[in-house]
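Here is what each chain is made of, one letter per residue.
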Amino acid sequence: MATPPLHLAVALDGAGWHPAAWRADDARPHELFSARYWVDLVAEAERGVVDFVTIDDSLALQSLRRGVPDDRVDKVRGRLDAVLVASRVAPTTSRIGLVPVATTTHTEPFHISKSIATLDYVSEGRAGVQVRVSSSAVETAQFGRRDPNEAVPVDDLFDEAADFVEVIRRLWDSWEDDAEIRDKATGRFVDRDKLHYIDFEGRFFAVRGPSITPRPPQGQPLVSALAHVTAPYRLAARGADVVYITPHDLDELHRIHSELRSHEIEVGRTGEPLRVFVDLVVFLDERPGEAAARKARLDELDEHVFRSDALVFTGTPSELAAHLEAWHVEGIAGFRLRPGAQPHDVSAISRLLVPVLQARGSFRHRYEERTLRARLGLGRPANRYATGVAR
Amino acid sequence: MTRPAKQIHLAAHFPGVNNTTVWSDPAAGSHIEFSSFVRLAQTAERAKFDFFFLAEGLRLREQRGKVHDLDVVGRPDTFTVLAALAAVTEHLGLAGTINSTFNEPFEVARQFASLDHLSGGRAAWNVVTSWDAFTGENFRRGGFLPQSERYERAREFLQTARELWDSWDDDEIVADPVAGTFLRRPRPGRFEHHGAQFDIAGQFNVPRSPQGHPVIFQAGDSDEGREFAAATADAIFSRHGTLDDGQAFYTDVKRRLARYGRSPDELKILPAATFILGDTEDEAAERAVLVRRQQVSGPTAILFLEHVWNRDLSQLDPDGPLPDFDPDPTAPSIIRGRANVAKDPFQTAKEYRELAAAKNLSIRELMIEITARPSFVGTPAQIAEQIDTYVQVDAADGFILVPHVTPGGLDEFADKVVPLLQERGHYRDEYTGSTLRHNLGLPPARSASRYAVGGLGAARSGTEG
């Protein structure tokens, strides 16, 4: 049997994932809030024919102290709305998938559903979303919909996120593909029998529907989530197409993978299994030792040795290619690479790593499929509300 | 009176989900594919328009308990389309309607600040309110807002958003990699708002955008709406009527500005208007008749009549006479998702009958006549003349043009009318500024505190008086 294809994603965030990345020689710290910067980054990733980029986001200002503001002036602070960044970039790219982070905790599923559907129209079938749960009292106090003094159990936040995903998916299906008929004889623009109330009622909210936005090109844009523990694993098993995991060695990789598969069974998942992506923070340079030295310089500027929830890799393109091949075990779709520094490590992925993988026959040379779902081997799903009966 | 001629402002309204938009025209394209938005926005930019305007709807309209199916149905998310249009235009302002009832200030302030960054200072927000429980069924909060509080919430929403935009100074980001200083001072974006509608505090997480605040639009003809606009808006999206009506509205609104320490130039009055062009006056008039018949089909005429009668009239012949029975205002409203038109249905029915009798009109002919939107109809020279006149005699500062066909409905205007306005010297040949605020001739954004002091208190006394 041929080796299954390797999938690669790039996770973009600010100036990169190292806290001192903005001080790197080739960083663009004055442009972090400009369209040009994001357009260039995604164009560079598309040059490397990677499957998709994610764009990180949060409703709170960055802080080194968990859930509390810090007083640092030496770190990047501030970020743009990730959905809008993705949309701004969409017309300037043609094939790469665009997966912004959206928070499920305080926001309206109706709004997020139509914004991701619209991103799918704007990008002609390349949209996805990474759902994020917020347990931060800071975000609660800023949003104002809930009492920040009232702690919501974490399991509830993930149950709410699962409901959120269910609602956005139902809204995407609330228009059948052929609902727009433009029938001049009867004067009807739509066949209203093909528009559906979703009538969702859960513990946290109720949404009636239908969406104001017709079913997007992919039918169901890609839903993804980052997961480290049981609650998010279950969320991913219940509602996501793609999950990002953070094992630090192969044993852990196997353990998380089998845990995910048992969650899939437990929640009664049907259809396509989760596509599992392993997250890695990467510092990548051509010459041996160069990437480690570059990371060490950034560590020195930061006065901390950089660690992450994901494994941190420093090395050459061949070393990283070997690592990816070794970890590309059965059941793992691929990897999401978090550039240690942007744009440096995005370019290194596209211009150094990808050619090595291509030379080894491990990675595509060009984009074949037009939509993001198709690239991941996910078909265009049937509409849950369509009866299939000719009317 | 001598004063320099005013410069005309023009904008394009993406055709909406109402019967003004003719989807049955052979040239009518998609209302949802991005290419239609690109085409219309790029035409507007070619014509040096100030901005492109996108409306919003949060629940599909219903009539007789079913989704209204005779007009265009379905539209994209406003913010997402505007952000994408920033990629295919350079100067055009990007204006969107965003509801202050089914959103929260932190999120909307973030989205507009992001759009302003991503477009290099071209964002504009048409602040609207809504209260109906029908729309609320799509949202977490539901139909929670008493109708009487909707302006209060809108005012406080906008005020809170302004406080968030002001929470970062222009020079907050130093980004000096050698010194290791990213921020000029710790804890940027601090805000605290404790009001009747919103009680929030924390740090805003988008640095100050090129315009500071997006350009603020307000629609609404009511006294309360006018006062809200005078206190807080940069532009009014008004209804276009006769020259006299326009002048009266213009005078009234501009007069209110002084109360808030603002000069008349700080609020632009931009009525929405449709247009029908022809090579001759007769040809334009003929086209206008044809378009009106497309806009008001038989079934559409019956639906309009139902708005007044509040009864199921689907069995009536639209080419026949008005019903001989009376409206039923006591029944539950048959129309949901937009404002009901008739305040006194018996009086309205009486007027309809008198007009129909006097002119011998069928239901459809009557509806074509009475639902007509104010429109410029004529040759390019006539329309250029009319638009210029409205602006020069202070019935408007410009117009938001509503083409009736997507996406090519603006082409003829751009090709034939705009050059005539330019020849008159009353319309720009090229964009002069990089931000929408600049192109509209507006001053830089004022700080939130200036609106807070003058705005809310005075507006309250104005509406109570």
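Worth saying up front: this structure is predicted, and the values here are computed from it rather than measured.

Let's shift gears to the overall build of chain B. Of regular secondary structure, chain B possesses 15 helices and 16 strands. Expected size for 465 residues packed as a compact globule is a radius of gyration near 23 Å; at 23 Å, chain B falls within 12% of this value. Taking the principal axes of its C-alpha atoms as reference, chain B extends roughly 80 × 55 × 45 Å. For chain B, the share of sequence-separated contacts (at least 6 apart) that also reach a separation of at least 24 residues comes to 76%.

Looking now at the overall build of chain A. Looking only at helices and strands, chain A features eleven helices and 13 strands. Its C-alpha atoms give chain A a radius of gyration of 21 Å, near enough to 21 Å, the size a compact globule of 391 residues would have. Oriented by its inertia axes, the alpha-carbon framework of chain A measures out at about 70 × 55 × 40 Å. Put simply, chain A has 391 residues, and 54% of those count as buried. Considering only contacts in chain A between residues 6 or more positions apart, those separated by 24 or more positions represent 77%.

On to the pairing of strand S7 (residues 173–176) of chain B. Within a regular beta strand, the side chains point alternately toward one face of the sheet and then the other, so they alternate between its two faces. Residues and elements named next belong to chain B. As paired elements, S7 and strand S8 (residues 181–183) share two bridges and run antiparallel to each other. Looking at S8, one finds that aspartate 176 is bridged to threonine 181. In sequence, S7 turns back onto S8 through a hairpin of four residues, with glycine 180 there showing a positive phi of about 75°.

Frequently, the measure chosen for interface size is the accessible area that the parts lose on association. Residues and elements named next belong to chain B. The domain boundaries assigned to chain B delineate domain 1 (9–281 + 375–464) and domain 2 (297–370). The distance between the C-alpha centroids of domain 1 and domain 2 comes to 33 Å. Listed per partner, the contact involves ten residues of domain 1 and eleven residues of domain 2. Of all the secondary-structure elements, those providing two or more residues to the side of domain 1 that touches domain 2 are strand S3 (62–63) and helix H4 (133–136).

Our focus in this paragraph is the interface of chain A and chain B. On the side of chain B, 64 residues touch chain A, which itself brings 63 residues to the contact. Mapped by element, the contributors of at least two residues to the side of chain A that touches chain B are helix H2 (82–89), helix H3 (109–122), helix H4 (137–143) and strand S6 (188–190) of chain A. Among the elements that line the side of chain A that touches chain B, the one with the most residues is H3(A), at seven residues. Its residues placed into classes, the side of chain A that touches chain B shows 33 nonpolar, 13 polar and 17 charged.

Most of helix H6 (residues 223–232) of chain B sits out of view: seven of its ten residues are buried. Here H6(B) has its buried residues at Arg226(B), Glu227(B), Phe228(B), Ala229(B), Ala230(B), Ala231(B) and Thr232(B).

Soluble globular proteins tend to bury their nonpolar side chains together. The biggest cluster of nonpolar side chains holds 233 residues, and the ones touching the most others in it are Val53(A), Val243(A), Phe52(B), Leu94(B) and Leu401(B). If near-sequence neighbours (up to four positions away) are discounted, Leu401(B) is found in contact with Leu10(B), Ala11(B), Ala12(B), His13(B), Ala273(B), Phe275(B), Leu410(B) and Phe413(B).

Below, the discussion takes up the environment of Ser238(B). All names here are of chain B. Relative to the helices and strands, serine 238 is located in strand S12 (residues 235–239). Along the primary structure serine 238 and alanine 12 are separated by 226 residues, whereas in three dimensions their C-alpha atoms are 14 Å apart. When neighbours within four sequence positions are excluded, serine 238 is seen to be in contact with Asp221, Phe249, Ile269 and Pro271.

Moving on to helix H7 (residues 243–257) of chain B. Residues and elements named next belong to chain B. Between its first and last C-alpha atoms H7 spans 22 Å; for 15 residues at 1.5 Å apiece the expected length is 21 Å, and the two agree. Listing the buried residues of H7 in full gives Gly246, Phe249, Tyr250, Val253, Lys254 and Arg256. Mapping the buried residues of H7 onto a view down its axis gives an arc of 150°, with all of them on the same face. Counted as exposed and oriented over 90 degrees from the buried face of H7: Asp244, Asp252 and Arg255. Looking at the packing, one finds that the buried side of H7 touches H6, S12, strand S13 (268–277) and helix H12 (380–392).

With that settled, consider the packing of helix H9 (residues 298–309) of chain B against helix H11 (residues 363–370) of chain B. All names here are of chain B. Between H9 and H11, the shortest axis-to-axis distance is 9 Å and the interhelical angle comes to 70°. Classified by the angle between their axes, H9 and H11 sit roughly perpendicular to one another. Contact residues: H9 offers Gly298, Ala301, Ile302, Phe304 and Leu305, while H11 offers Ile363, Arg364 and Met367. Within the contact of H9 with H11, the residues separate by chemical class into six nonpolar, one polar and one charged.

Attention now moves to the sheet that holds strand S4 (residues 66–67) of chain B. Strands pair in a sheet through their backbones, by hydrogen bonds, and they do so in one of two ways: parallel or antiparallel. Residues and elements named next belong to chain B. Pairing in this open sheet of three strands is antiparallel, and the strands run S4-S3-S14 from one edge to the other. Where the open sheet ends on each side, the last strands, each with one partner, are S4 and strand S14 (335–336). Two elements, S3 and S14, share two bridges in a ladder whose sense is antiparallel. Within the sheet, the bridge partner assigned to glutamate 62 lies in S14 and is arginine 336.

Right, let's talk about unusual backbone geometry for a bit. The omega torsion of the bond from Gln342(A) to Pro343(A) falls at 5°, within 30 degrees of zero and hence cis. Following the sequence through the fold, Pro343(A) ends up in the loop between strand S13 (334–339) and helix H10 (344–359). At the junction of Thr406(B) and Pro407(B), the peptide bond is cis and its omega measures out at -5° in the coordinates. The residue Pro407(B) is located in the loop between strand S16 (398–401) and helix H13 (411–423) in this model. Phi at Arg182(A) is positive, roughly 45°, even though this residue is not glycine. Residue placement: Arg182(A) occurs in strand S5 (residues 180–183). The exposure class assigned to Arg182(A) is exposed, which follows from the 12 C-beta atoms found within 10 Å. Although it is not a glycine, Asn310(B) sits at a positive phi angle of roughly 55°. With 19 C-beta atoms counted inside 10 Å, the residue Asn310(B) sits in the partly exposed group.

Turning to the packing of helix H2 (residues 78–88) of chain B against helix H3 (residues 105–118) of chain B, a few remarks are in order. Residue and element names in this part refer to chain B. Following both chains from N to C, one finds H2 and H3 inclined at 15°, their axes separated by 9 Å at the closest point. Relative to H3, the element H2 is oriented roughly parallel. As H2 packs across H3, the resulting crossing turns out to be left-handed. Across the interface between the two elements, Phe79, Leu82, Ala83 and Ala86 of H2 pack against Gln111, Leu115 and Leu118 of H3. By residue class, the composition of the contact of H2 with H3 is six nonpolar, one polar and no charged.

Let us look at the environment of Pro100(A). All names here are of chain A. Tracing the backbone shows proline 100 in strand S3 (residues 97–103). Assessed through the 25 C-beta atoms surrounding it within 10 Å, proline 100 is described here as buried. Setting aside residues no more than four positions away along its own chain, proline 100 makes contact with Ile55, Asp57, Ala82, Val83, Val85, Ala86 and Val129.

Calculation criteria
Per chain, the residues get numbers from 1 upward, laid out in the order the sequence is written. As they are written, the chains are lettered A onward and the ligands numbered 1 onward, keeping that order. Where totals are concerned, whole chains, interfaces and linings use all residues; where local detail is concerned, this predicted model gives features only for residues with pLDDT of at least 70, and gives and counts side-chain atom pairs only at 80 or more. Going along the chain from the N terminus, every DSSP run of H or I of four or more residues is numbered as a helix, and every run of E of two or more is numbered as a strand. Throughout, the radius of gyration refers to the C-alpha atoms, and the reference size of a globule is 2.2 Å times the residue count to the power 0.38. A residue pair is marked as a contact if its C-beta atoms, positioned from the backbone, fall within 7 Å. In this scheme the burial state of a residue depends on its C-beta neighbours within 10 Å: 20 or more other such atoms mean buried, 12 or fewer mean exposed, and anything in between means partly exposed; the C-beta positions come from the backbone. Following DSSP output, two strands are said to pair if at least two bridges run between them. Each domain's extent was defined by an automatic or database domain assignment. Charged means Asp, Glu, Lys or Arg here, nonpolar means Ala, Val, Leu, Ile, Met, Phe, Trp, Tyr, Cys or Pro, and polar covers whatever is left, Gly included. By convention in this section, buried Ala, Val, Leu, Ile, Met, Phe, Trp, Tyr and Cys residues joined through C-beta atoms within 7 Å make up a nonpolar core. Multiplying one less than the number of residues by 1.5 Å gives the expected span of a helix. To obtain the arc, one takes the directions from the helix axis to the C-beta atoms. Between N-to-C directions, angles span 0 to 180 degrees; the directions come from axes that are lines fitted to C-alpha atoms, helices contributing only their stretch in contact. Orientation is classified from the angle alone, with under 35 degrees giving roughly parallel, over 145 giving roughly antiparallel, 65 to 115 giving roughly perpendicular, and any other angle giving oblique. In this scheme the handedness of a crossing depends on how the near helix is turned from the far one: anticlockwise by less than a right angle means left-handed, clockwise means right-handed.

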